[in-house]
Amino acid sequence: EVGLQGVTSLALNASGMATFSQLVTTTAGTLSVRLYNHYLNDVTMALTRRLTVTPGRPAALRVEWSSRVLPSGEPYSALVSVNDEFFNFQPAHAAISVEGGVYPGTRFTLSNSTVRAAGGKALFTMGVVGSSSGHRVSFSSPGLTSAVSPTFSIESPVWVYPVPFHASVLPGATLTPRHRANTLLLFGGLTPTGASNGTVEADYATSPPSYSVFPVGGAVPAARYDHIAVSFPFDGRSVMLVHGGTNGTRTFASAHVLDTATRVWSPVDTQTGQIGIPAGENPAGIRRARHAGVHAVISQPDPLQPWLTEVFSLVLVFGGVGDDGRPLASLEILRVYSHTIVRVPAGSVIQTGPAPAPRFDLSMTWLNARGYVLGGHAQDDTIYSFTVAFNGESFIVAWSVLSPQSSGAAGRERHVSVSTAMVFDAKLFFLARDSSVGSENAAVVLDVSAGAALAWEDTTLRAGSAPVTPYSRVVALAPGKFLVVSSDVSGRNTSSWVVSLVASYSLSLAPFLPSAAAAGETLRPQPVVTILDANGHVTRDASATTVVTAVAYDVSAFPVPLGGTSSRPAINGIATFTDLSVDKDVWAMRIVFRAASLFPSAPTPLFAVAAGPAARVVLLQAPVGVYLSSAFVIQPSAELRDTADNRVTSDSFSRLTARLEHTPGGAAPFTDRSSLLIGSSTVQVAAGVATFLDLGISWGAPAGDYRLEISRAGAVSARTPAFTFTSA
């Protein structure tokens, strides 16, 4: 029904008629008017013939729908319609211009914000730059009342959030990824009493991160800090190579490798390449600290046999501070063979092009067969690139200077030095000071995917809480997520942040509490976990690689086994579990959900899991002492268990039945001879357990092997091992 205005009730005249002349409707469309008299139940209601009511003149705009959560980089969409003063759609109006603008009080920018409304509708697809939530768009057109969109949020492309301080993260320590995502090995560092040579394993999949001593053996390197550590495959295993560093009084040139599987340290004589043999007091190479290093794999046609491909595994070391305290500009190459690691003599390394000036605390990165050096304490902020090739006798290092175009990163002061740039999606991310905001740091990105056509991306990558420090160490935790560890001015304390180049920040569990959980049975309802950004909005980035895993604990923090599929991929930011179950009865437990480099969800409320229904019979005791015509000396017993192998203690009503089977021996099958049983062959369980009382075998039973089958309706039966009777 639609409303009518005007005089809607009239008295009948002397002729029994009523003429309505002032009826008004505000609803456009095809209508009929119903006429009735509610005092006359026996008078049939009447309907007028259908009539068409056209919309009034255009008077206002209306937002039909619009984006509510906007991933960074995606356009904002909205459909705006032209309406009359009663908000009836006006499709027949000539095309007009509708403009979208930033609603007062919100901060973001729009592009492509003017659309011609053909047929009374304007479909907007606007570029948006900004972040945070509470944004609104105002739509206007000359002569029409404006419309305002519902609020929407923009997911930021970079999140920086602090990690709680822990004394295990020492200044000057190296951080190296392990084979498991989110897990790092920390070596060395500076303690209040001096240098350290301890090794710590850190797990950043938990909140707060967990730290534990990583027990090692072998020839542990001397205590040091401000060294480098590089991981790579070597001799069929994964190793971490430590190079250089200082203990405060002495600077090192030595190298050591840690086999992360056997946890054994070995020295490396880089002059001979032998592993396990100390290099002595004067190892080959330059003593250096606060330098940078990367592992690089290069491949090229063999110069003498072009149809073959040569592959080189190299550790490239550059810059740092020498033993005399001066900055270095030297490049050192360690060649990794199948069983040895050898320093390439300086005469066999030929450098061409403009090489970087001496520097320390620099960033050195290898990406797509090319290296990049920038930042650090130097007299310039030039970005250097280099390639490495082998000519059959020497390694050729070709340096070049990059001049990327600026599209918003102009006004940067010197890049904050980082030991390794953040590499993601063929782009290099750096922390840099922004002269337009004083000493505040910003995350800026250099897109190197297009080869020589380099460009800084826009300042939308600003991370306002990025660390402002003179030196940082960066290590990858997971795709698009990095740990940044910085020392303060004194060099005695550290601060840590996780820099996420994808918006995902944490996990959120939808309200979840099983109504009646039973071991081995699928939980109802099933958990649903959402990936959120730092503002609490759903994010869809990295959905193809993000896997959410469920883990369970009892109130004493002991693990509780889960059944079904305990890991689910996040699709459009949501991981939906379908068959998760608990494989143990427990009086109080909770489930926590985890994903790589995301804060875990809050644990579920405590809930109990009862034993499930009986699924099988399990033998507890086979008969012992079998004499004909007598009850077994030790009677058989059995229990009921659920699908999770828990005893069904709630069952005191089921009945177990014993059946006797016999075979004369050899390959003859067992056949039913239950007629030979004496005593009661059926017994009732108590708390899931049943013991027979007087079961035995009658006189005259034939020789051979016997066994008992103990069964319950609807459950898998149990059988005893074969046995024979003993003649009295």
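Residues numbered from 1 in each chain as written. Predicted model: local features only at pLDDT ≥ 70, side-chain atom pairs only at ≥ 80, totals over all residues. Heavy atoms only, no water.

Here's the deal with the overall build of the chain
Right, on to step 1. The helix and strand tally for the chain stands at 0 helices and 66 strands.
Right, on to step 2. Residues counted as buried form 47% of the 728 residues belonging to the chain.
Right, on to step 3. A separation threshold of at least 6 residues defines the contact pool for the chain, and within that pool the share at least 24 residues apart is 56%.
Right, on to step 4. A total accessible area of about 33,500 Å² is found for the chain, and carbon and sulfur atoms account for 54% of it. (Helix = DSSP H or I, 4+ residues; strand = E, 2+ residues; numbered from the N terminus. Buried < 20%, exposed > 50% of the residue type's maximum accessible area, 1.4 Å probe, protein only. Contact = heavy atoms within 4.5 Å. Areas by Shrake-Rupley, 256 points an atom, 1.4 Å probe, with all protein chains shown as cover.)

Side note on the packing of aromatic side chains
Right, on to step 1. Inspection of every chain in the model, using the stated rule, returns 13 aromatic pairs.
Right, on to step 2. With a centroid separation of 5.8 Å and an interplanar angle of 55°, the aromatic rings of W366 and F386 are classed as tilted. Here the residue W366 occupies a position in strand β33 (residues 363-367), and F386 occupies one in strand β35 (residues 383-390), the gap between them amounting to 20 residues.
Right, on to step 3. According to the relative accessible area criterion, W366 is buried, its value standing at 16%.
Right, on to step 4. Measuring from centroid to centroid gives 6.2 Å for F632 and F723, while their planes differ by 80°, and the two rings are edge-to-face. Taken as a pair, F632 in the loop between β57 (630-631) and β58 (637-641) and F723 in the segment after β66 (718-719) lie far apart in primary sequence, 91 residues in all.
Right, on to step 5. Given the relative accessible area of 11%, F723 is considered buried. (Phe/Tyr/Trp six-rings, centres within 6.5 Å; stacked < 30°, edge-to-face > 60°.)

Describing the pattern of salt bridges
Right, on to step 1. For the structure shown, the criterion picks out 16 salt bridges.
Right, on to step 2. Between E332 and R343 there is a salt bridge, with the nearest N and O atoms lying 3.0 Å from each other. Taken together, the residues E332 in strand β30 (residues 331-336) and R343 in strand β31 (residues 341-343) connect sequence positions 11 residues apart.
Right, on to step 3. Taking relative accessible area as the criterion, E332 reaches 2% and is therefore assigned buried.
Right, on to step 4. Among the salt bridges present, the one from D645 reaches R641, with a minimum N-O distance of 3.1 Å.
Right, on to step 5. Exposure remark for R641: the relative accessible area of 19% places this residue in the buried category.
Right, on to step 6. Linked through salt bridges whose partners overlap, the residues forming this network are R659, E661, D672, R707, E709 and R719. (Salt bridge = Lys/Arg side-chain N within 4 Å of Asp/Glu carboxyl O.)

Looking at the environment of L477
Right, on to step 1. Looking at the secondary structure, you find L477 in strand β43 (residues 471-478).
Right, on to step 2. When its relative accessible area of 7% is taken as the criterion, L477 is described as buried.
Right, on to step 3. Placed 299 residues apart in sequence, L477 and R178 show a C-alpha to C-alpha distance of 9.3 Å.

What about the confidence of the model for the chain?
Right, on to step 1. Averaged over all residues, the pLDDT of the chain equals 82, while 82% of them reach at least 70.
Right, on to step 2. Least confident of the elements in the chain is strand β37 (residues 412-415), whose mean pLDDT is 42; most confident is strand β32 (residues 349-352), at 96.
Right, on to step 3. Under a pLDDT of 50 for its full length, residues 434-440 has, in the predicted model, 15 contacts with residues more than four places off or in other chains. (pLDDT = per-residue confidence, 0-100.)

Section: the sheet that holds strand β46 (residues 506-509)
Pairing between sheet strands relies on hydrogen bonds along the backbone, with the strands arranged either parallel or antiparallel.
Right, on to step 1. Strand order in this open sheet of 3 strands is β46-β48-β52, and the pairing throughout is antiparallel. Each end of this open sheet is capped by a strand with a single partner; those strands are β46 and β52 (574-576). Averaged over neighbouring strand pairs, the angle between their axes works out to 25° when direction is ignored.
Right, on to step 2. For strand β48 (residues 528-532) and β52, the ladder comprises 3 bridges, and the chain directions are antiparallel. Paired with T530 across the two strands is I574, which belongs to β52. (Pairing = 2+ DSSP bridges. Axes fitted to C-alpha atoms, helices over the stretch in contact; angles between N-to-C directions.)

Considerations on a nonpolar patch on the surface
Right, on to step 1. Nonpolar side chains collect at one region of the surface, where L4, V7, L10, F20, L23 and L35 lie side by side and expose about 440 Å² of accessible area between them.
Right, on to step 2. Within the secondary structure, L23 is located in the loop between β1 (4-5) and β2 (24-25).
Right, on to step 3. The partly exposed category is assigned to L23, whose relative accessible area is 35%. (Patch = residues over 30% accessible without salt bridge, like charges linked within 9 Å, V, L, I, M, F, W, Y side chains within 5 Å.)

Structural notes on the side chain of T183
Right, on to step 1. By the secondary structure assignment, T183 is in strand β20 (residues 183-191).
Right, on to step 2. Judged by relative accessible area, which is 2%, T183 ranks as buried.
Right, on to step 3. With sequence-adjacent residues up to four places away left out, T183 is seen in contact with T176, P177, R178, E201, A202 and D203.

With respect to the pairing of strand β21 (residues 194-203)
Right, on to step 1. Two strands pair when backbone bridges link them, and β20 and β21 are joined in this way by 8 bridges, in the antiparallel orientation. Bridged to L185 within β21 is E201.
Right, on to step 2. Sheet analysis places β21 next to strand β22 (residues 210-213), joined by 4 bridges and oriented antiparallel. Bridge pairing in β22 links D203 to S210.

Observations concerning the nonpolar core
Right, on to step 1. Counting 27 residues, the largest nonpolar core has V617, L656, L660, I697 and Y706 as its most contacted members.
Right, on to step 2. Elements represented by at least two residues in this core include exactly β58, β59 (655-663) and β65 (705-711).
Right, on to step 3. In this structure L660 touches T671, D672, R673, S674, L676, L677, I697, Y706, R707, L708 and F723, once residues within four positions along its chain are discounted.
Right, on to step 4. With 26 residues, the next largest nonpolar core counts I531, V560, F577 and L598 among its residues. (Core = buried A, V, L, I, M, F, W, Y, C linked by side-chain atoms within 4.5 Å.)

Brief notes about the side chain of D554
Right, on to step 1. Considering the arrangement of structural elements, one finds D554 in strand β49 (residues 547-554).
Right, on to step 2. K584 provides the closest opposite charge to the buried, salt-bridge-free D554, at an N-O distance of 5.2 Å.
Right, on to step 3. One polar contact links the side chain of D554 to the main-chain amide nitrogen of F558, over a distance of 2.9 Å.
Right, on to step 4. With residues near it in sequence (within four places) discarded, D554 still touches V560, V586, A588 and M589. (Lys, Arg positive; Asp, Glu negative; His and termini not counted. Polar contact = N/O pair within 3.5 Å; in protein donor to acceptor, adjacent residues only side chain to side chain.)

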